[in-house]
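Take a look at the letters that make up each chain.
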Amino acid sequence: MSQKMAEIVAVFATLIGIGATIFLPFVYQSRHLFRDSDIQVINLTGVNSAGTWTEEEVNGWNYWRRDFAAARPVLNVGRTARFRLKSADVIHTFYAPALGVGPVQVYPGHVVEFEVRPAQRGVFQYYCTTVCGMPHFGMRGEIVVQREGEAVTTGSLPTSGKYWLEPPPPANANLVERGQWLFHQKGCFTCHGPEGRGGVSNWNYVKGTVPALNALAERLMLFDREDVKVIVEQMESGKNLNSLVASPPVARFNVFLAQYRSVRDLIRKGSTPGKKDPHGPVPPLEMPTWDQRLSEVEIDAVIAYLLTLQP
Amino acid sequence: MSTRSRQASPEIVPGSHQIPDTLQTVDAKEWRLDLFRCAPPLKRIARLRWFQFAAVFPNLLIFLLFISAGIFGTPVGNRNIMIIFVWILWWFLLISAMVPFASRIWCAMCPFPFFGEWFQRRALVRVAAIDPKKEKKGGPGSVIGRNRYFGLNRRWPKALSNIWIQNFLFLALCTFSALFLTRPIVSVVVLSSIFLTATIFHLIYRQRAFCNYVCPVSGFLSLYSMASMLEVRSRDREVCDECKEKACLAGSERAWGCPWFMYPSKMERNNYCGLCMECVKACAHDNMTVNLRPFCSDTRLKGYDEAWKAFIMLSLATTYSIIYLGPWGFLKDWANIAESGKWGGFLAYTAVLWASALLLVPGIYYGAVWIGKRLAGDCEVSFKDAFLGLAYPLVPLGLLAWIAFSFPLMLVNGSYILMTLSDPFGWGWDLLGTSHIAWTPVVPHWTPYIQVLFLLVGLYYALTTGYAQARKLFGSEAAVKAFTPVAILLTACVSCFAWLYGG
Ligand SMILES: [Cu+2]
């Protein structure tokens, strides 16, 4: 081969090679994704830093944005949908119990595929059920199932926002204010409702919805607002409530103390919600253990805050 | 600078890397195996005009694929081919196979200068040869030797004709290593910046100025290639002395003049030879060849820049071993600024790394050489010669310390290599059926023994070459005394590594 010929071949090889290297992966990917034309493909990526399962493409380039819209996939009754679950950072678990999906563990970099063929219309909640970091409790959303051609129902689930980025209260804030901040910033409100008003449904849970916490004072046997004030003041002053047994600040203090201890314990250790139908799926919202993530003082702060709430 | 009016006598590029003949030491006892004589097909391949294109082209495409994967693929580091293949596989192959056994063979297939060199030569395969006598003034491009080049073809500044830039760039890059290993996009930014810089430098400066003086990877390749078992050399000095055309330097119709500013027929060290095989093709007397040779055959450091490279490499190997293989998790946290956000820790880590690489380690070494020189008594040897001579043992020691360090990383990430091969973008492909193999970090219990073995090999070569240097410098009588402090230092250093690896 003459040098000239070789040169021409090399130039062509270069141009074609570069083009092919750039485009072929995308061609292959779309063939791989849409290999069955009658199947709807739903790509969901769990992004811890954004606190969402998102339908947006999360790649090396845009991962830094850390801001991805929560997915609200729309499926059709009777049409197969293929879910492709990915994780952009840590291990997540995808769970949509009402739709009979999961829990499926999703490891970073692995793609988990499964197919769903919904039989009835409705709006179904999905969750992440591996506590994957601070933004974890926001990783929740809805899957809409409707008849083909129907107008899409609008969302009913309030978004939780980037609660974990909520700036802390000023250094001189009192115990209750700090408790209020913790209740929001740690994500308690995502399950127990804003201001602990409850009403968040929990699939196959004996009580139906996650317990409200705005009546905690009564649960702790403090039926008088004055008593609540006294107790909160004692907590505020940094006293260990156990040391007050000798000189009880409120009536029936021992009864209160027993309840207080059990609630503290529950927050620390968490609690697995009971099933309504024992053969049904595990309720997706579990009271997490807060041992590692809340100090003793912080737990007291949250309790103090909850005591001041009224239904 | 234009060289259009060049005369027939080819331009001798000032051999900034050439060392005075008096200092050149070729040990007559050392063996050489002329590979082109033993295996003529090798010679035929090396002489093919498209040898280098064929070597670079696949790597260019692979590089593009990696960049594409870094941008469009998964952000998860260990599932993106960019990170696993570049920083784990490529690095491991480079340090433990290419450099020790094939010198700077990587430079012959490196895709970074692809576009730059294409632009300079306006050729991928052919040669733009001209006859300087017949060349009229005002022709296109500029003529260097007997080849025509395009671009500005500036000379590289004399003051920068050393590897200091490479030293600092490499240290700077390595400071952020934890970032490369976790975020593909960081690797994309770094690698494409190098690619872009290489291209721009090729437009401005002649030939491989970028590779020689700027490329951050090139610095350690040049240092450790001294130990390599492969070399490009002339067969017979006399043939070269009588040679008129000096085609290896000036080019010919068969080949480009040495792009690395070397005078291949006079080459005594591997440091700045990119194994591009142009001189092999150029030589009309069939006098250039590729030899196999003993480990650690080039034994002379030329300047402080090269010595400092050795200090930097050793400090980095130590730091990385402590961070990545040591039991202190918080240190890794400090180094990994992007994930931890602990700026204080990161600054402390950076300060310690830079101070030890540039001041502390050289300082200690300086002390050891100084004491040694004192012990050796009165002698003619200048301190610089003593320092550079006795710094040479750091070449084999550093190289093997790096191999010892990289070895377990390779084992740990071995399964990721198979996985990313099947699914380079982390998009859920399974090209080879290996994307779902269970994640099995293989770090067998015998790993530390292998690591220590590598270190001992390094120590052996460090001590023997160091002693040989001492004899050359101080004579056989004073050699032991002169070398003792450095030898103790080297042994202590290896013991620290062994302790770190062996626990
Ligand atoms: Cu989660």
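Residues numbered from 1 in each chain as written. Chains lettered and ligands numbered in written order. Predicted model: local features only at pLDDT ≥ 70, side-chain atom pairs only at ≥ 80, totals over all residues. Heavy atoms only, no water.

Caption draft 1: Geometry of the interface of chain A and chain B. Every contact between the two is made by 31 residues of chain A and, on the other side, 40 residues of chain B. Per-residue buried area on chain A facing chain B is highest for A:Gln3, A:Glu7 and A:Trp64; these three make up 18% of the total on that side. Taken together, the links from chain A to chain B amount to zero salt bridges. Contributions of two or more residues to the side of chain A that touches chain B are made by α1 (3-33) and β4 (81-87) of chain A. Considering each element in turn, the side of chain A that touches chain B owes the most residues, 15 residues, to α1(A). Partitioned by chemical class, the residues of the side of chain A that touches chain B number 15 nonpolar, 11 polar and five charged. (Contact = heavy atoms within 4.5 Å. Buried area = accessible area lost by both parts, 1.4 Å probe. Salt bridge = Lys/Arg side-chain N within 4 Å of Asp/Glu carboxyl O. Helix = DSSP H or I, 4+ residues; strand = E, 2+ residues; numbered from the N terminus. Nonpolar A, V, L, I, M, F, W, Y, C, P; charged D, E, K, R; others polar.)

Caption draft 2: Representation of empty space enclosed by the protein. Residues and elements named next belong to chain B. Tallying each qualifying case throughout the model produces seven cavities of 30 Å³ or more. Approximately 180 Å³ is the volume attributed to the largest cavity. Lining the largest cavity are 14 residues, with Gln52, Phe53, Glu117, Arg121 and Leu124 sitting closest to its centre. Those elements giving two or more residues to the lining of the largest cavity turn out to be α3 (51-72) and α6 (114-121). Considering every element that reaches the lining of the largest cavity, the biggest residue donor is α6, with four residues. Grouping the constituent residues of the lining of the largest cavity by class yields eight nonpolar, one polar and five charged. (1 Å grid on protein atoms, 1.4 Å probe; cavity = no way out; pocket = protein on both sides within 12 Å on 5 of 7 lines; lining within 4 Å. Points joined across faces, edges and corners; volume = space filled by probe spheres on them.)

Caption draft 3: Spotlight on helix α5 (residues 225-236) of chain A. Residues and elements named next belong to chain A. The end-to-end C-alpha distance of α5 is 16 Å, a good match for the 16 Å that 12 residues give at a rise of 1.5 Å each. Restricting attention to buried positions, one finds in α5 the residues Val228, Ile231, Val232, Gln234 and Met235. Mapping the buried residues of α5 onto a view down its axis gives an arc of 155 degrees, with all of them on the same face. For α5, the elements touching its buried residues are α2 (175-185), α4 (216-219), α6 (253-269) and α7 (296-308). Positive backbone phi, approximately 85 degrees, marks Gly238, located one or two places after α5. (Expected span 1.5 Å × (residues − 1). Buried < 20%, exposed > 50% of the residue type's maximum accessible area, 1.4 Å probe, protein only. Arc of directions from axis to C-beta.)

Caption draft 4: Layout of the sheet that holds strand β1 (residues 33-34) of chain B. The strand order across the open sheet formed by three strands is β1-β5-β4 (chain B), and the pairing between neighbours is antiparallel. The outermost strands of the open sheet, each flanked by one partner alone, are β1 and β4 (230-234) of chain B. (Pairing = 2+ DSSP bridges.)

Caption draft 5: Main features of the coordination of the copper ion. Residues and elements named next belong to chain A. In the first shell of the copper ion, the protein supplies Cys128 (SG), Thr130 (O), Cys132 (SG) and His136 (ND1), at 2.1 to 2.5 Å from the metal. Bound by four donor atoms, the copper ion shows angles of 76 to 136 degrees at the metal and therefore irregular coordination geometry. Written as a sequence motif, the donor arrangement for the copper ion is C-x1-T-x1-C-x3-H. (Donors = N, O, S within 2.8 Å, 3.2 Å for Na, K, Ca; no water. Tetrahedral: all angles 85-135°; square planar, octahedral: opposite > 155°, others 65-115°.)

Caption draft 6: View of the pattern of salt bridges. This model, assessed by the stated rule, comprises 29 salt bridges over all chains. Salt bridges sharing partners connect three or more residues here, namely A:Arg264, A:Asp265, A:Arg268, A:Lys269, A:Glu296 and A:Asp300.

Caption draft 7: Up close: the domain arrangement of chain A. Residues and elements named next belong to chain A. Per the domain assignment, the segments of chain A are domain 1 (1-37), domain 2 (40-161) and domain 3 (166-307). Taking only C-alpha atoms, the centre of domain 2 and the centre of domain 3 are 30 Å apart. The largest per-residue losses of area from domain 2 upon contact with domain 3 belong to Met134, Phe137 and Arg140, which jointly make up 44% of the total buried on that side. At the surface where domain 2 touches domain 3, the tally comes to two residue pairs in polar contact (both at pLDDT 80 or more). A per-class count over the side of domain 2 that touches domain 3 returns seven nonpolar, three polar and one charged. (Domains from an automatic or database assignment. Polar contact = N/O pair within 3.5 Å; in protein donor to acceptor, adjacent residues only side chain to side chain.)

Caption draft 8: Molecular detail of the packing of aromatic side chains. Using the criterion set out here, one finds 56 aromatic pairs over all chains in the structure. Judged by centre distance (5.0 Å) and plane angle (50 degrees), the rings of B:Trp91 and B:Phe220 are tilted. Placement of the pair is B:Trp91 in helix α4 (residues 81-102) and B:Phe220 in helix α11 (residues 216-224), with a sequence separation of 129 residues. B:Phe220 matches B:Trp91 in its accessibility class, with the two residues each being buried. For B:Phe220, a relative accessible area of 0% translates into the label buried. Put simply, the rings of B:Trp164, B:Phe168, B:Tyr304, B:Trp308, B:Phe311, B:Tyr365, B:Tyr366, B:Phe383 and B:Phe387 pair up and form one aromatic cluster. Note that A:Arg293 overlies the ring of A:Trp290, its terminal NZ or CZ placed 4.5 Å from the centroid. In this arrangement the basic side chain of B:Arg122 is found over the ring face of B:Phe150, its NZ or CZ atom lying 3.6 Å from the centre. (Phe/Tyr/Trp six-rings, centres within 6.5 Å; stacked < 30°, edge-to-face > 60°. Lys NZ or Arg CZ within 6 Å of the ring centre and 35° of its normal.)

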